[in-house]
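Chains, contacts and geometry: an overview
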Amino acid sequence: MASETAKTLCAGIDCHNFANKLQCPKCLANNTSSFFCGQDCFKNSWSIHKQLHIPPGAVKKEDGTYDPFPKFKYTGSVRANYPLSPIRKVPQHIKRPDYAKSGSSRSEQIEGRSFKIKRLSPEEQEQMRIVCRLGREVLDTAAAAIRPGVTTDEIDRIVHEATIERECYPSTLNYYAFPKSVCTSINEIICHGIPDQRPLQDGDIINLDISIYHNGFHADLNETYYVGDKAKSNPELVSLVENTRIALDKAIEAIKPGVMFQEFGNIIEKHAKSVTDVNLSVVRTYCGHGVNQLFHCAPTIPHYARNKAPGIARPGMTFTIEPMLTLGPARDITWPDDWTSSTASGKCSAQFEHTLLVTETGCEILTARLPNSPGGPLK
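Each value, and the rule that gives it
Residues numbered from 1 in each chain as written. Predicted model: local features only at pLDDT ≥ 70, side-chain atom pairs only at ≥ 80, totals over all residues. Heavy atoms only, no water. Helix = DSSP H or I, 4+ residues; strand = E, 2+ residues; numbered from the N terminus. Rg over C-alpha atoms; globule rule 2.2 N^0.38 Å. Buried < 20%, exposed > 50% of the residue type's maximum accessible area, 1.4 Å probe, protein only. Core = buried A, V, L, I, M, F, W, Y, C linked by side-chain atoms within 4.5 Å. Contact = heavy atoms within 4.5 Å. Pairing = 2+ DSSP bridges. Axes fitted to C-alpha atoms, helices over the stretch in contact; angles between N-to-C directions.

**A word on the overall build of the protein**
- What the protein contains, in helices and strands, is nine helices and 17 strands.
- Here the C-alpha radius of gyration of the protein, 21 Å, is about what a compact globule of 379 residues would show, namely 21 Å.
- Viewed in the frame of its principal axes, the protein has a C-alpha envelope of about 65 × 45 × 40 Å.
- Put simply, the protein has 379 residues, and 56% of those count as buried.

**Considerations on the nonpolar core**
- Met128, Ile146, Ile155, Ile206, Leu208 and Ile210 are the most contacted members of the largest nonpolar core, which totals 47 residues.
- Within the residue set of this core, elements represented by two or more residues are helix H5 (122-143), helix H6 (152-165), strand E4 (183-186), strand E6 (205-214) and strand E7 (217-226).
- Ranked by residue count, the leading element in this core is H5, at eight residues.
- Beyond its immediate sequence surroundings of up to four residues, Ile146 is in contact with Ile155, Leu200, Ile206, Leu208, Tyr225, Tyr226 and Val227.

**Notes on the environment of Gln201**
- Structurally, Gln201 is set in the loop between strand E5 (189-191) and E6.
- A C-alpha to C-alpha distance of 9.9 Å links Gln201 and Ile186, two positions 15 residues apart in sequence.
- Excluding anything up to four places from it in sequence, Gln201 contacts Pro148 and Val227.

**Topic: the sheet that holds strand E8 (residues 280-282)**
- As summarised here, the arrangement of the three strands in space is E8-E12-E15, forming an open sheet in which the pairing is antiparallel. A strand with exactly one partner marks an edge of an open sheet, and here the two such strands are E8 and strand E15 (349-351). The mean inter-strand angle of the sheet, taken between neighbouring strand axes irrespective of direction, is 30°.
- Where strand E12 (residues 324-327) and E15 come together, three bridges link them in antiparallel fashion. From the neighbouring strand, Thr326 faces E15, where its bridge partner is Ser349.
- Along the sheet, helix H8 (residues 235-253) makes contact with E8, E12 and E15, crossing E12 at roughly 160°.
- Against the sheet, helix H9 (residues 263-274) makes contact with E8 and E12, and its axis sits at roughly 165° relative to E8, the strand it touches most.

In structure tokens:
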């Protein structure tokens, strides 16, 4: 046993030490192996590691998968499909955000006490351009893999590898115990879906939310994609996806120095309400946000009308706008994993997001699509 564990890496979060004989007792009881280098590493990793355990009442299917929340009342067709794959490692030389090991961002907590909105220097703006370009490359790499039969866990693997190939850290990994390197939100899932063993199906829509950290700066972007021809031929889904895309575009057109942050929500909701072929609503629970050296910071950008968000856009500010629109009511519920947000109605939701830089005359879309980016508006 000693010779076996000496060759095994510790299963801890962001740990590259060799493991010793210490095993997780729950894994041991379930006839699975997970070795750690010490008690401290085991304790620090518990918030994510425990998600690998089969909970009481869960029943394994013939293929080895199971629903970890058997008593939860799902609202739509999407179900959690575990087990989650083991925690993916990031090479030691890649620069990490402050929460990579602890799961908690002390720098964001300190910044959150202030309403001051940072304006980046020209040098900092250039760093944001670099990380956002890399973020676009990662998203495009993942989007190219979307097809019926591919699992969201496979997409997570692709995102993770594409991220570290670019000397970046996947910003979502261990961010307040989020266990994966990308958010994958299918159909009625509004946002923060955790990649698992569910295969994509012809007729699905899926949002891929990519966030990466490079040389001290974060990029944040997402798009919603059609899975197979069946989705593209569904008029309700097409209207939802394309009008969410348009709502973001209209909000971006309004960015310039002096515009109030609350104005973007007016524009987004006005467009959603102008759509007549389907009933669209704007999700109010989740907002856009500042992004720079911090993953989330001021300003807050609500996407609904008549909001009270403080602040005015000034040159050098970087933030996201990321509207989430739903078919029918926008009320949401959260799964027992404390991350996955679903529409309460079970109807589909779509989202698009860009990281944006306010310039002297307007804005620069730092995460803009490339001519060869997968997806894009349906003709």
